[in-house]
Amino acid sequence: MVKIYTTPTCVYCKTLIEYLKKHSVDFEVIDVSKDEKQLEVMIKDSGQMGVPVVDIDGEIIVGFDKEKIDKLLKIN
Amino acid sequence: MIYDLIIIGAGPAGISAAIYSARQKLNFLIISKDVGGQVAKKAVDIGNYPGFAKISGPDLAKVFEEQLKENEIEIALDEVLKIEKKENKFFISTKSGNTYETLALIIATGSDPRPLEVEGEKEFIGKGVSYCALCDGPVFKNKTVAVIGGGNSGFETASFLSNYVSKIYILESSDKVIADKENQDIVLKLGKAEVTTNAKVLNIKGDNFVKSLTYKDTKSSQEKKLDVSGVFIEIGYLPATAFVKNLVDFSDRDEIITDLETYVTKTPGIFAAGDCNKGKYKQIIAAAGEGAKAALSAYDYILKTKP
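No experiment lies behind these values; they were computed from the predicted model shown.

### Quick word on the overall build of chain A
From N to C terminus, chain A includes three helices and four strands. Starting at the N terminus and ending at the C terminus, chain A contains elements arranged as β-α-β-α-β-β-α. Computed over its C-alpha atoms, the radius of gyration of chain A comes to 11 Å, within 12% of the 11 Å expected for a compact globule of 76 residues. In terms of principal-axis extent, the alpha carbons of chain A reach across some 35 × 20 × 15 Å. Counting across all 76 residues of chain A, residues that qualify as buried make up 49%. For chain A, restricting intrachain contacts to residue pairs at least 6 apart in sequence, the fraction spanning at least 24 positions comes to 54%. Accessible area of chain A: about 4000 Å², with a carbon and sulfur share of 50%. The average position of the 11 basic charges and that of the 14 acidic charges among the side chains of chain A differ by 3 Å.

Structure representation (structure tokens):
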């Protein structure tokens, strides 16, 4: 299960979403500017306040860290 | 495979260079960590780019990206770590471990936000300290924040943040704000910002997240503490040029020095366009124009040197 915490104006979120789409990864997008409960979850799980945050089966990645994302999703 | 040209960066300069290179049918590649560069992170609308009376930064970046797709230009999402020159070729190593070989290079990496260099700044990056209000601003809903820098970027940031936060302190270290009157009026009208001049930030403190900021009033020498959850730093930019340091000359601001007509650096085959070079006017349209000119002069160079 892949979840992405985003804001509508975040450029790295867009790059990340495009990237995952290109590699046919299914994911859920959570807009934390609209959902305060999920924002709290994101801050608690990631220990920080920046977006994007990616949750890959419970593994939390802060930012568009391509290397880590590739590894966890087995993208070559 | 040896590329004719590699363009590093995909802001307005890099994208414009790519469009020209596609039309010249060069065998080229763009390497960039993102698409749109600073344009995509701009907090307020753009009104000085021909063709668009008013467009948001992310929307303009999207139009740029669509034009790349239209020309079937692909971007390698990666970060350049090192460039080496051997004979007349350049070898580029990237963060993801790839090496590329090319005859010519256009550096269009723009610039990164300039850090404040105070205690607590690095420690709290992502934990309240941000250089991208557009990315992180909405996360600070109903919070009190500080914007450091009383220039246009600072006021544009404050005007964007006004959509979300409850209160903004704008701190300027000199004795007057230098933002345009128009930007100042917008922020004033939004009614959430308090502007303080002669405010030199001393430190940023907190536990897991930012809790406060201390500044010194340089007139009275008094130290003052502000309770804030966020600190947005907008004190200018640093050219993102460290990876090329052995092959080009820099200005005292770390900008790459180029010829002003061909945009070639001191190393033949390496060109630099946009905000990363010494050009005085850091504008989207200027960067795009330089990208075009750098691409055309790179094309001339490639024709002459191609085996």
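What follows continues from the structure just given.
### Some details on the domain arrangement of chain B
Residue and element names in this part refer to chain B. Partitioning chain B into domains gives domain 1 (2-112 + 237-305) and domain 2 (129-233). Here the C-alpha centroids of domain 1 and domain 2 sit 32 Å apart. Between domain 1 and domain 2, the residue contacts involve seven residues of the former and seven residues of the latter. Counting each side, the surface lost to burial between domain 1 and domain 2 is near 510 Å², with a carbon and sulfur contribution of 68%.

### Remarks on the sheet that holds strand 12 (residues 199-206) of chain B
Residues and elements named next belong to chain B. The sheet built from three strands is open, its strands ordered 12-13-14 with antiparallel pairing. The open sheet has two free edges, formed respectively by strand 12 and strand 14 (222-227), since each of these has just one partner strand. Each strand of the sheet is rotated relative to its neighbour by a mean of 25 degrees, with strand direction disregarded. The pairing of strand 13 (residues 210-217) with strand 14 spans six bridges and is antiparallel. Bridge assignment links D217 to a residue of strand 14, and that residue is Q222.

### Here's the deal with the pattern of salt bridges
All names here are of chain B. Evaluation of the coordinates by the stated rule reveals 17 salt bridges over all chains. Of the charged contacts, one joins E194 and K167 as a salt bridge, the two residues approaching to 2.7 Å between their closest N and O atoms. Of the two residues, E194 is situated in strand 11 (residues 193-196) and K167 in strand 10 (residues 167-171); the sequence distance between them amounts to 27 residues. Overall, E194 belongs to the partly exposed group, its relative accessible area being 37%. For K167, a relative accessible area of 24% puts it in the partly exposed group. Its salt-bridge partner being E255, residue R253 comes within 4.0 Å of it at the nearest N-O pair. A network of salt bridges, in which partner residues are shared, links R253, E255 and K282.

### Quick notes on the side chain of S21 of chain B
Along the chain, S21 of chain B turns up in helix 1 (residues 12-23). Those residues within four positions of S21 of chain B in sequence are excluded, and the remaining contacts are L5, I7, L26, F28 and A295 of chain B.

### Here we look at the sheet that holds strand 4 (residues 59-62) of chain A
All names here are of chain A. Pairing in this open sheet of four strands is mixed, and the strands run 2-1-3-4 from one edge to the other. At either margin of the open sheet sits one strand with a lone partner, and together these are strand 2 (28-31) and strand 4. Adjacent strand axes in the sheet meet at a mean angle of 20 degrees when their direction is disregarded.

### Some details on the nonpolar core
Counting residues in hydrophobic clusters, the biggest one holds 54 residues, and the most contacted among them are L5, F28, I30 and I106 of chain B. At eight residues, helix 6 (residues 284-305) of chain B tops the list of elements feeding residues into this core. Ignoring sequence-local partners within four residues, the contact set of I106 of chain B consists of L5, I6, I7, I8, A17, F271, A273, A294, A295 and A298 of chain B. Counting 33 residues, the second largest nonpolar core, distinct from the first, contains C13 and L39 of chain A together with L161 and F232 of chain B.

### Section: the layout of surface pockets
The volume enclosed by the second largest pocket comes to roughly 870 Å³. Along the walls of the second largest pocket sit 33 residues, with E18 of chain A together with V35, E65, K69 and L77 of chain B positioned nearest its centre. Where the lining of the second largest pocket is concerned, the elements lending two or more residues are helix 1 (11-22) and helix 3 (66-73) of chain A together with helix 2 (57-70) and strand 3 (75-77) of chain B. In terms of residues, the lining of the second largest pocket owes the most to one element, helix 1 of chain A, which gives eight residues.

### Section: the side chain of S162 of chain B
Within the secondary structure, S162 of chain B sits in the loop between helix 4 (152-161) and strand 10. Aside from chain neighbours lying at most four places away, what touches S162 of chain B is I168, L190 and K192 of chain B.

### Section: the interface of chain A and chain B
Contacts between the two partners involve 23 residues from chain A and, on the opposite side, 22 residues from chain B. When chain A packs against chain B, close to 2000 Å² is buried across both sides, 61% of that on carbon and sulfur atoms. Three residues stand out in chain A for area buried against chain B, namely T9, Y12 and M49 of chain A, and they jointly supply 32% of the buried area on that side. At the junction of chain A with chain B, the criterion picks out three salt bridges. Residues K141 of chain B and E36 of chain A are paired through a salt bridge, measuring 3.9 Å at the closest nitrogen-oxygen approach. With seven residues, helix 1 of chain A is the single largest residue contributor to the side of chain A that touches chain B. Here the residues of the side of chain A that touches chain B are counted per class, giving 10 nonpolar, seven polar and six charged.

Here is what the cut-offs are and how they apply
- Residues numbered from 1 in each chain as written.
- Chains lettered and ligands numbered in written order.
- Predicted model: local features only at pLDDT ≥ 70, side-chain atom pairs only at ≥ 80, totals over all residues.
- Heavy atoms only, no water.
- Helix = DSSP H or I, 4+ residues; strand = E, 2+ residues; numbered from the N terminus.
- Rg over C-alpha atoms; globule rule 2.2 N^0.38 Å.
- Buried < 20%, exposed > 50% of the residue type's maximum accessible area, 1.4 Å probe, protein only.
- Contact = heavy atoms within 4.5 Å.
- Areas by Shrake-Rupley, 256 points an atom, 1.4 Å probe, with all protein chains shown as cover.
- Lys, Arg positive; Asp, Glu negative; His and termini not counted.
- Charge placed at Lys NZ, Arg CZ, Asp CG, Glu CD.
- Domains from an automatic or database assignment.
- Buried area = accessible area lost by both parts, 1.4 Å probe.
- Pairing = 2+ DSSP bridges.
- Axes fitted to C-alpha atoms, helices over the stretch in contact; angles between N-to-C directions.
- Salt bridge = Lys/Arg side-chain N within 4 Å of Asp/Glu carboxyl O.
- Core = buried A, V, L, I, M, F, W, Y, C linked by side-chain atoms within 4.5 Å.
- 1 Å grid on protein atoms, 1.4 Å probe; cavity = no way out; pocket = protein on both sides within 12 Å on 5 of 7 lines; lining within 4 Å.
- Points joined across faces, edges and corners; volume = space filled by probe spheres on them.
- Nonpolar A, V, L, I, M, F, W, Y, C, P; charged D, E, K, R; others polar.

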